[in-house]
Amino acid sequence: MGSQLVTTEAAAEKLGISPSQFSRIYRARGYAPDHVESWHYGRRSGDRHLWAARTLAALARTREVREARERRIRRDGAAAERRVAAEAHARREERSRARLPGKIAALFASPRAALASACDAMWALNRSTDAKSSYGLKTRLIRHLYDAEVFTDRVEKLSRTLPPRECWECDGDGCDRCYDTGVYLPGREVCSYLFTFTVDGRKFVWRQPDFALTFEPEVEAERPDDGRGPSGETLALPSRRVWSLRALVEYAISEPIAPPEPVDACDEEDDDHGASTDVGPSGDGRTLAGPNEIVAFPV
Ligand SMILES: [Zn+2]
């Protein structure tokens, strides 16, 4: 048994330390491998250090190995603790996310009553640095409001012609790449829709490119797009906030609102026909925040 030799990696593992710790310690202590074996692989070659059990036993008794092993245990322990804490945190997040719909439902009398707050939530999501990921939800909210008819003040179609893009290879002179046209991308028209809604006396204006919409709205006016984006700065929302704002919008659009029965075609809006008059939870003022203010609710 005593003649059995092990590699440096196996020796380090036996001592409970890393191979680099092992190499540092045996050199510092003046030990040398019990056997050195050379290896060849193709044109490459090298030495393999092998260790006898007797040498490892002697090294195991040194203060350096003992300390290195303790350091390693502490470090691994701390890493494991961090991992456990991170997993617990993720589980808590998941649980609170799962409770979100119930919490939101408890705040409002009905999805309809949450609509103005949901519009505020979408206002914030739309300005968040991660607005693109809420595009689909924005389209669904727009459609929900549009289909109910009573909320829509106006829909405008904005169009803009993008100029042709010059070929970058020849700067417009013509080359093989552009078939001598000098043009990389021909000019094209891009369209978007501008929706103006009034919900519970609050005005919301949203713009959505035509390709993002799942329906074709009836348009009151068409005009050229001045190319200006939404005003105001972008918001860096923490992911928890994004989740709760999205859950609020999901709740508000979870029940379709029946469009009003046709009375006449004029655009009077004094008759809030068919729409529920419930506003917010027990009038604590939380849901009817100021214009475009982000609604606060516990998460
Ligand atoms: Zn070209």
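Here goes a summary of the coordinates provided. (Residues numbered from 1 in each chain as written. Predicted model: local features only at pLDDT ≥ 70, side-chain atom pairs only at ≥ 80, totals over all residues.)

1. Observations regarding the nonpolar core
- Of all hydrophobic cores here, the largest spans 30 residues; its most connected members are A118, C119, M122, L248, V249 and A252.
- For this core, the secondary structure elements donating two or more residues are helix 4 (63–107), helix 5 (115–127), helix 6 (135–148), strand 7 (188–199) and helix 7 (239–252).
- Sorting elements by how many residues they give to this core places helix 5 first, with eight residues.
- Not counting residues up to four positions away in its chain, the partners in contact with A118 are L141, L248, V249 and A252.
- In this structure, A11, L15, F22 and V65 belong to the second largest nonpolar core, which totals 12 residues. (Core = buried A, V, L, I, M, F, W, Y, C linked by C-beta atoms within 7 Å. Buried ≥ 20, exposed ≤ 12 C-beta atoms within 10 Å, placed from the backbone. Helix = DSSP H or I, 4+ residues; strand = E, 2+ residues; numbered from the N terminus. Contact = placed C-beta atoms within 7 Å.)

2. Thoughts on unusual backbone geometry
- A positive phi angle, close to 70 degrees, is found at E149, a residue other than glycine.
- As for its position among the elements, E149 is in the loop between helix 6 and strand 4 (152–162).
- Phi at Y179 takes a positive value of approximately 50 degrees, unusual for a residue other than glycine.
- Here Y179 shows up in the loop between strand 5 (165–166) and strand 6 (183–185).

3. Thoughts on the sheet that holds strand 2 (residues 35–41)
- The three strands lie next to each other as 1-3-2, forming an open sheet whose pairing is antiparallel. Every interior strand has two partners, whereas the edge strands, strand 1 (5–7) and strand 2, have only one. This sheet shows a mean twist of 40 degrees between the axes of neighbouring strands, independent of strand direction.
- With three bridges connecting them, strand 1 and strand 3 (residues 44–52) associate as antiparallel partners. Following the sheet pairing, T7 is matched in strand 3 by L50.
- Together, strand 1 and strand 3 form the strand contacts of helix 1 (residues 8–15), whose direction differs from that of strand 1 by roughly 95 degrees. (Pairing = 2+ DSSP bridges. Axes fitted to C-alpha atoms, helices over the stretch in contact; angles between N-to-C directions.)

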